[in-house]
Amino acid sequence: MYEPIRTKSVHSTADGPNPDFPHRSREEELDIQLAGHLAALLAVTDELRARETSADLDAAAERLAEQVGRLRGGRAPVRAALGATGRECGAAALHRKAHTLAGRALVVAASRADTAAAILAAERMDAHTAALEPRALASR
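These notes cover the structure that comes with them. What you are looking at is a predicted structure, and each value in this text was computed from that prediction instead of being measured. (Residues numbered from 1 in each chain as written. Predicted model: local features only at pLDDT ≥ 70, side-chain atom pairs only at ≥ 80, totals over all residues. Heavy atoms only, no water.)

The next subject is the overall build of the protein chain. Check the secondary structure of the protein chain and you find 4 helices and 0 strands. Of the regular secondary structure in the protein chain, the N- to C-terminal order runs α-α-α-α. Considering only contacts within the protein chain whose residues lie at least 6 apart along the sequence, 73% involve residues at least 24 apart. Accessible surface, the protein chain as shown: approximately 9300 Å² in total, 56% of it carbon and sulfur. (Helix = DSSP H or I, 4+ residues; strand = E, 2+ residues; numbered from the N terminus. Contact = heavy atoms within 4.5 Å. Areas by Shrake-Rupley, 256 points an atom, 1.4 Å probe, with all protein chains shown as cover.)

So, about the packing of helix H1 (residues 26-51) against helix H3 (residues 91-111). Angle between the axes and distance between the axes are the two parameters that describe a pair of packed helices. Running from amino to carboxyl end, H1 crosses H3 at an angle of 160 degrees, the nearest separation of the two axes being 9 Å. Of the possible angle classes, the one that applies to H1 and H3 is roughly antiparallel. The interaxial crossing formed by H1 with H3 has left-handed handedness. Where H1 abuts H3, its residues Arg26, Leu30, Gln33, Leu34, His37, Leu38, Ala40, Leu41, Val44, Glu47, Leu48 and Arg51 lie against Ala91, Leu94, His95, Lys97, Ala98, Leu101, Ala102, Arg104, Ala105, Val108, Ala109 and Ser111. In terms of residue class, the contact of H1 with H3 is built from 15 nonpolar, 4 polar and 5 charged. (Axes fitted to C-alpha atoms, helices over the stretch in contact; angles between N-to-C directions. Parallel < 35°, antiparallel > 145°, perpendicular 65-115°, else oblique. Left-handed = near helix turned anticlockwise from the far one by under 90°. Nonpolar A, V, L, I, M, F, W, Y, C, P; charged D, E, K, R; others polar.)

Put simply, H1 and helix H2 (residues 55-71) touch, their axes get as near as 9 Å, and they point 155 degrees apart. Relative to H2, the element H1 is oriented roughly antiparallel. Classified by chirality, the crossing of H2 by H1 is left-handed. The segment H1 lies against H2, with Asp31, Leu34, Ala35, Leu38, Ala39, Leu41, Leu42, Thr45, Asp46, Leu48 and Arg49 engaging Leu57, Asp58, Ala61, Leu64, Ala65, Gln67, Val68 and Leu71. Looking at the contact of H1 with H2, its residues break down into 13 nonpolar, 2 polar and 4 charged.

This next bit is on the nonpolar core. Leu34, Leu38, Leu41, Val44 and Leu64 are the most contacted members of the largest nonpolar core, which totals 26 residues. No other element matches the 8 residues that H1 contributes to this core. In this structure Leu38 touches Leu64, Gln67, Val68, Leu71, Ala105 and Ala117, once residues within four positions along its chain are discounted. (Core = buried A, V, L, I, M, F, W, Y, C linked by side-chain atoms within 4.5 Å. Buried < 20%, exposed > 50% of the residue type's maximum accessible area, 1.4 Å probe, protein only.)

A full pass over the atoms with the stated rule returns 8 salt bridges. Residues Arg112 and Asp31 are paired through a salt bridge, measuring 2.4 Å at the closest nitrogen-oxygen approach. Here the residue Arg112 occupies a position in the loop between H3 and helix H4 (115-138), and Asp31 occupies one in helix H1, the gap between them amounting to 81 residues. Under the relative-accessibility criterion, Arg112 is labelled partly exposed at 24%. Across the salt bridge formed by Arg63 and Glu123, the nearest N and O atoms sit 2.6 Å from each other. In this pair, Arg63 is assigned in helix H2 and Glu123 in helix H4, connecting sequence segments 60 residues apart. By sharing partners, the salt bridges in this structure join Asp31, Arg70, Arg112 and Asp114 into a single network. (Salt bridge = Lys/Arg side-chain N within 4 Å of Asp/Glu carboxyl O.)

Structurally, the position occupied by Thr45 is in helix H1. Judged by relative accessible area, Thr45 falls into the buried class, the value being 0%. Filtering out sequence-adjacent residues up to four positions away, Thr45 remains in contact with Leu57, Ala61 and Leu64.

Mapping Gly103 onto the fold places it in helix H3. Spatially, the C-alpha atoms of Gly103 and Ala121 are 6.8 Å apart, while their sequence positions differ by 18 residues.

So this is what it looks like as C-alpha cells:
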C-alpha cells in the first residue's frame, strides 16, 4: 500500500555533517546550561550580599563561583562589585528569584548527573525558602 521513499531527504546534507558547523554533545550543552543557571544564581546571591551581610551568602557565593569555573573549564565568572547593584529590588523578591534559579540549576544538574552542583542547588533552594518563611509569616 505504501511505497518506500526513494529520494534523499531534503533535511540532510549529501556529505553528512558539515565540519565547519560546530556540533556539541548533549553533555556539553548541559554543561553550558548549568553554568548559565549557576552564574545567574551567583549574580542574585551577590545582589543579596550587597543588601545584607551573611556568612551563609558569602560561602554560597564562593561555592557557586567554584562550580561555574569548573563547568566553564577553569574560567572564573564575572562578578559585580558588592556595592554596584543597579536595581532596587526587595530582598524577598531576590530570594524568590534565587530560589527559582536554584530550582532550574537543580533540574539540569540532575539530568547531567552532577552530584556536587545538584547538592549545592538544593541547599540554596532550602536557604532561600528559609529566608522567605519569616517574611511570609510577618506579612500575614
